Each structure stands twice: as structure tokens, then as C-alpha cells.
Amino acid sequence: MSGERRAGSHQLAARALALAYDGAPVVHDLDLVVPDGAITAIVGANACGKSTLLRGLARIMRPRGGAVTLDGADIHRLPTKEVARIVGLLPQSPTAPEGIRVADLVARGRHPHQGVLRRWSPVDDDVVAAALEATDTAGLAERPVDALSGGQRQRVWIAMALAQDPDVLLLDEPTSFLDVAHQVDVLDLLAELNRGRGTTVVMVLHDLNLAARYSDHMVAMAAGRIVTRGTPAEVVTPHTIRDAFGLEARVVADPVCGTPMMVPVGRFRREGGVSAAAPARAPRSPSGTPRSPSAGGA
């Protein structure tokens, strides 16, 4: 979507990474090498450290221990614009300047590509227009961002991330606030970006089944550590779901694409079409009024 340039090959990695908020440890001694040119989904229960890990990989948080490296170099020692041209981030709750138009916000994605000798050009116009079109936000270009619905704003932020044209794109819950149709549209878009341009995509997702369908590589976390990693078939298992989510589940084949699909067991389930958890109802007469067990009958 962003022109003919193919994404470059890069290695983003965490080595013995420890991250903390106000001294409270969140991620512990974590090792991860992000597969280059693939889609990686990070999954796990709430507060397991998924978003914190993503912030660490994006250089938003400084490690308490260990390091994040980009092509072998400590990411915190690299120039900010150099990192921004390679690694893009869509955080979970981004904020926009009050009153800014959609087109102007998306254009901010081009900032890492500007400099003393590199001014705004028709190429930048084309990239911004393509990002708006790809996210179905071109019709919103003149509207203020703060006048949009939650779902519209989310698509605008994704457009800005795409306009940055990074080789590695990190997204924290990119499907938040979106209805099911737009969730699939966004994930289809990221898959097309990965397959067509070779962009490495790392995304935090809550929906385990969508994560399995769209990713090449999955990382399951619990309590700030990696429980397991591998292909969707290796990660989405009853054992891992129990360890990472504390949930009993069955795993079946997705009828659309064959990837593993999690079916939670839970305490409420239907047997033979009747709720096993619901109280039995009194039989009803043809008029619809409740009938006593002794009235009429066979």
C-alpha cells in the first residue's frame, strides 16, 4: 500500500529483558527474537505483560535489566529518527492534538523521513493518500480527529502508522473499538502489508482465534514471562490455554482456514439444545400459559 519499496531485513530482539513500572517488575528476564518478515502475535491474559513488552521493544520503556537490540545494537543507543524509520508503533491509547484534522495526523507519520535535506515531496503525499485509502479513512480526511467515533479514530491511527512506512510495525491491540467486520479488515490489511511488502508485524491481540488465523508465529505470556512460543498449532493447545489464561478449552480446526481454534468450556453450556445451567421451565399450554404438571397430558 505504501509504494514499491520492499521492507528491509532487520532483527529486533530482547535479551534477558526486565521491565518495571515505578520499580514494580512486570517483565522478567525475557528472551525473544522477532522473526524477520513474519507476523507475530503476542497473547495472554490481562496484565500479563504483553503491552509492556511491546513498549520495551519500541524503545518507549528503558529496561531495568537486559537489553533490546535492533540489528545487534542496543536500541537505546541508536538515533531516534533512525529507529523511527525502521520501527513503527501503534500504542493502545494514542492521543491526538486537540482539533487536528485526520489528514494532518496521518501526515505526521512521515516525520521520521523528513530532515534538513529531505523536505515534504509528492512521494509523501502519495504515501499518506495510500494509507488513508487502505484504512477506509479517505472520506474522513478533512474532519477533526476528536469528532470521530472510537472505531474511526482507531483506523486513523493505523493509517498514521502505515504512513510511517516502517520495516517493523508494532501494534498494541489494533482491533480495539472495532466491530467484527473492521477487525477482519484491519487484520487483512496487516497480512497484505506483510505478504506484499515484507513488513515484519508484531501485534498484541486478545482474540486468540484471530491471532492464530493471522499470525505465523505466536508468543503466549503469563506473569511477565513467556509460557511458550512457536507456530499457532504449537501454541494454541489446551495445555497452553490453561497455563496462560487459566481457562479450560477445546481446540478444533478453524473451518475457514484450518488454523487452531479455541472453544472455551466454561461453566455454562448447552446440552441437546437446552441450557444445562438454566432452571427447568414449567410446560406451557397451547395458549402460552404455564400448565401444572398434573393438568392434561398423555
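This part is about the overall build of the protein chain. When helices and strands are tallied, the protein chain shows 9 helices and 14 strands. Taken over 298 residues, the protein chain has a buried fraction of 47%. Within the protein chain, residue pairs in contact and separated by at least 24 positions form 62% of the contacts whose partners lie at least 6 positions apart.

The next subject is helix 5 (residues 150–163). Taking 1.5 Å per residue as the helical rise, helix 5 with its 14 residues ought to reach 20 Å, and the 20 Å between its terminal C-alpha atoms agrees with that figure. With 12 of 14 residues buried, helix 5 lies mostly within the body of the structure. Along helix 5, the residues classified as buried are Gly151, Gln152, Gln154, Arg155, Val156, Trp157, Ile158, Ala159, Met160, Ala161, Leu162 and Ala163. Buried residues along helix 5 sit in contact with strand 6 (87–90), helix 3 (102–107), helix 4 (122–134), strand 7 (168–172) and helix 6 (180–197). Positioned one or two residues after helix 5, Asp165 has a phi angle of 60 degrees, which is positive.

The next thing to look at is helix 6. Within an α-helix, residues lying three or four positions from one another point in the same direction, as the helix has 3.6 residues per turn. Taking 1.5 Å per residue, 18 residues should reach 26 Å; helix 6 reaches 25 Å between its end C-alpha atoms and fits that length. Burial in helix 6 covers these residues: Gln183, Val186, Leu187, Leu189, Leu190, Ala191, Leu193, Asn194 and Arg197. Residues of helix 6 that are buried make contact with strand 3 (39–44), helix 4, helix 5, strand 7, strand 8 (200–204) and helix 7 (208–214).

Take unusual backbone geometry next. A positive phi is found at Asp22, a non-glycine position, where the angle reads about 50 degrees. Note on placement: Asp22 falls in the loop between strand 1 (12–21) and strand 2 (24–33). By relative accessible area, which is 87% here, Asp22 ends up exposed. Located in the positive-phi region is Asp29, a residue other than glycine, with phi close to 45 degrees. Here Asp29 falls in the exposed class, since its relative accessible area comes to 57%.

With that settled, consider the pairing of strand 4 (residues 65–70). As paired strands, strand 1 and strand 4 are joined by 5 bridges and run antiparallel to one another. The partner of Ala13 across the bridge, within strand 4, is Thr69. Here strand 4 runs beside strand 5 (residues 73–74); their pairing, made up of 2 bridges, is antiparallel. Across the sheet, the residue bridging to Thr69 is Asp74, located in strand 5. Between strand 4 and strand 5, which pair antiparallel and follow one another directly, the connecting turn spans 2 residues, one of which, Asp71, has a positive phi of 55 degrees.

What counts, and at which threshold
- Residues numbered from 1 in each chain as written.
- Predicted model: local features only at pLDDT ≥ 70, side-chain atom pairs only at ≥ 80, totals over all residues.
- Heavy atoms only, no water.
- Helix = DSSP H or I, 4+ residues; strand = E, 2+ residues; numbered from the N terminus.
- Buried < 20%, exposed > 50% of the residue type's maximum accessible area, 1.4 Å probe, protein only.
- Contact = heavy atoms within 4.5 Å.
- Expected span 1.5 Å × (residues − 1).
- Pairing = 2+ DSSP bridges.

In short, shape yes, function no, at least from these values alone.
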